[in-house]
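An overview of the molecular structure
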Amino acid sequence: MSDVSVGSQIFDLVFHPSHATVYTGLLSGKVKAFAYNQNGRTKEVFSVKVSQKSCRGIAINEDGARLYTVGKGKGLNTIDTSTGKLVETRAKAHETAINRVKSVTSWLLSTGDDEGVVKLWDPRQKESVRKYTHHFDYITDFLWLDDKKHLVTTSGDGTLSVIDVRAKTSDHLAQSEDQEDELLSIVPIKSATKVVVGTQLGILSVFNRSSGWGDCVDRIPGHPHSVDALCVLPASLPNVDHTSTILTGSSDGFVRAVSIFPTKLQGVVADHGEWPVERIAVGDGLDQLTLNDSDEEAVQKPLSNSKKETVGRIQAQVDDPDQGDSDSESDESAEARHYWVGSAGHDELLKLTNLGHFFNGQAREEGVDERLDDEDTEGLLPSVSLGDEAAENTAELDRSLNDLDTGSKPKESDTDSEAELEPTKSRKRKKKDKDPLSLKRKKGKNEVEVEGAFFAEL
C-alpha cells in the first residue's frame, strides 16, 4: 500500500487507460497527475490550476488523450494529458455547480449539476447538445450501458433514470420510483444484466434490467454507514469473479470487496481511518510505465535479461513442477501485471493498494478487519502446501539468485516488499447499541437474507 500526499482534499480520481498514471481533482481547484511503478512508488507528473473553486469531478476519454474536469466554478475544462496544459474551457456550462462528469464515448460527454440538470456534450462543439431536467436534486453518478446506448443517472432525490442518447428529444426513457433514500453510486454486475446502487443508509439496491427500472428487486443490508462509492473490477484480474464482485467505499472509512449473488464479504481492501471514502477507481496501466526505476533512488535496480529469464524459468517450476519452459513465459507475463485501486477520502491522501495481492491472499492480513468474527474469516486465507518437489525448486531458486548476482544481493520482488514492510493495522471499534439500519426503509420485491453475524460488527 502506498499513501500519496496531494496537499488538498481529493474530490475525484481516475486512472489512465494504458499508462501507469492516476489523476486527481482537488478542493483547491487543481488537477494533479501522479505516475506510479509496479512497486507502488509515485512521482508527480504535472499540476495544473483549472479553477479558483473546487474541482469536483474528473473523467478521461477512451484513448487517454483528454482529461475533463468540472466543479463549483460551473465550467467544463479540457486538459491535454501529454502536456498537462489546459487546452479548452467552457465557462458557465451549467447554471449551478457541476457535481459529476463522465466520458461516455469518443463523441459524447455527460455532466450533472447540483440541481439535477443533466447535459450531453459533443467534445467538438462549444454548446451542449441535450439538456434533461427530470431530476430535482444533485446528480451523484453516471453509468453507461453500451449495448442499448443508455445513460443511467443516480440522484440525491432518491431516483435513478435512464436516458437514450440516440433519442431526438430531451425526454428521459425511464425513471424509478422514489427509493426513500439518496442514491449515491452505481455499477453494473452480471455482465451488465443487473446494476447495484449504493445508498445513504448503507443498503445496496439491486436493479434487474429485464424487470424494468421502476423499482429494485433486491436490497442487501450490511454497511453500517452510507455507500458513497462503488467500483467494478477489471475483467483480467485473476482469482476473482469480476462479474459479481465489486468494491465499496463507505463513510466509515473502509474500502471493502463484496460479492453479490451469492452475497459474501471478501474483506477490507483499504482503511482511511475516521475519514469517509468518497471515490474509488482501479488502474492496471502498467504496460507502458511512466515512472522509471531511475526516477526513484529507493527503487530496486532491475535484474539483467539473462537473470530474468532464469528466475522466470525456475519460478515457473516452483509453481508447477510439471510445466516446461514454454509455460514459463505466460506465467511471467501474468505475474508482471499489477492492479492498483486508488481510494480517496477527506484526509488529503491518495491511497494506492495492490489489488492483486489482496485477492491472491499475499496481503490478506492487511485487508482482514479484526472486528470480523472468527467464523467469518475462515476460508479467506487458504493454506497452501508446495510439496517436496516444489520445495526443492524453491531452494534451487534461492541458490540460482545467489549464483547469478555478482554484485549486491537482490531484494525480494517489488510486488511483495510493500505488503510485508508496511502492514496496515486494523483498529477495533466500539459496537453501537443502536443498529443504524433499523431506520424505516422501503423494501424491494425480494430482500436478500444475510446472516446477522456476517455484517453485524462492520
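Structure report, in brief.

The rules behind each value
Residues numbered from 1 in each chain as written. Predicted model: local features only at pLDDT ≥ 70, side-chain atom pairs only at ≥ 80, totals over all residues. Heavy atoms only, no water. Helix = DSSP H or I, 4+ residues; strand = E, 2+ residues; numbered from the N terminus. Buried < 20%, exposed > 50% of the residue type's maximum accessible area, 1.4 Å probe, protein only. Areas by Shrake-Rupley, 256 points an atom, 1.4 Å probe, with all protein chains shown as cover. Phe/Tyr/Trp six-rings, centres within 6.5 Å; stacked < 30°, edge-to-face > 60°. Polar contact = N/O pair within 3.5 Å; in protein donor to acceptor, adjacent residues only side chain to side chain. Pairing = 2+ DSSP bridges. Axes fitted to C-alpha atoms, helices over the stretch in contact; angles between N-to-C directions. Contact = heavy atoms within 4.5 Å.

**Re the overall build of the chain**
The helix and strand tally for the chain stands at eight helices and 28 strands. When burial is assessed residue by residue, the chain has 53% of its 458 residues classed as buried. As displayed, the chain has an accessible area near 21,400 Å², and 45% of this comes from carbon and sulfur atoms.

**Description of the side chain of serine 205**
Within the element layout of this structure, serine 205 appears in strand β20 (residues 204–208). Overall, the relative accessible area of 1% leaves serine 205 in the buried class.

**Re the packing of aromatic side chains**
Enumeration according to the criterion identifies three aromatic pairs in this entry. Judged by centre distance (5.9 Å) and plane angle (85°), the ring pair of phenylalanine 15 and tyrosine 36 falls under edge-to-face. You can see phenylalanine 15 sitting in strand β2 (residues 10–15) and its partner tyrosine 36 sitting in strand β4 (residues 30–36), a full 21 residues away along the chain. With respect to class, phenylalanine 15 is no different from tyrosine 36; both count as buried.

**Details of the environment of aspartate 215**
Here aspartate 215 shows up in the loop between β20 and β21 (218–220). On the accessibility criterion, aspartate 215 (14% relative accessible area) is buried. A polar contact is formed between the side chain of aspartate 215 and the side chain of glutamine 179, at a distance of 3.2 Å.

**Side note on the sheet that holds strand β6 (residues 55–60)**
Strand order in the open sheet formed by four strands is β6-β7-β8-β9, with antiparallel pairing between adjacent strands. Strands at the two margins of the open sheet, each flanked by one partner only, are β6 and β9 (85–90). For this sheet, the mean angle separating the axes of adjacent strands, direction not counted, is 25°. Across five bridges, strand β8 (residues 76–80) lies against β9 in antiparallel orientation. Paired with isoleucine 79 across the bridge in β9 is leucine 86.

**A short note on the pairing of strand β25 (residues 264–271)**
In terms of burial, β25 is largely enclosed, as seven of its eight residues are buried. Where strand β24 (residues 254–259) meets β25, six bridges bridge the pair, whose relative direction is antiparallel. What sits directly across from arginine 256, in β25, is valine 268. Two successive antiparallel strands, β24 and β25, enclose a turn made up of four residues, where phenylalanine 261 displays a positive phi of approximately 55°.

**Structural notes on the pairing of β2**
In terms of burial, β2 is a largely internal element, five of the six residues being buried. Taken together, the five bridges between β2 and strand β3 (residues 21–26) define a ladder with antiparallel strand orientation. Across the sheet, the residue bridging to aspartate 12 is glycine 25, located in β3. Here β2 folds back onto β3 in antiparallel fashion, the turn holding five residues.

**Overview of the side chain of histidine 16**
When you line up the elements, histidine 16 lands in the loop between β2 and β3. Histidine 16 sits in the buried class, given a relative accessible area of 7%. Engagement of the side chain of histidine 16 in a polar contact is seen with the backbone oxygen of glycine 64, the distance being 3.2 Å. The residues touching histidine 16, leaving out its near neighbours within four places in the chain, are Thr21, Tyr23, Ile60, Asp63 and Gly64.

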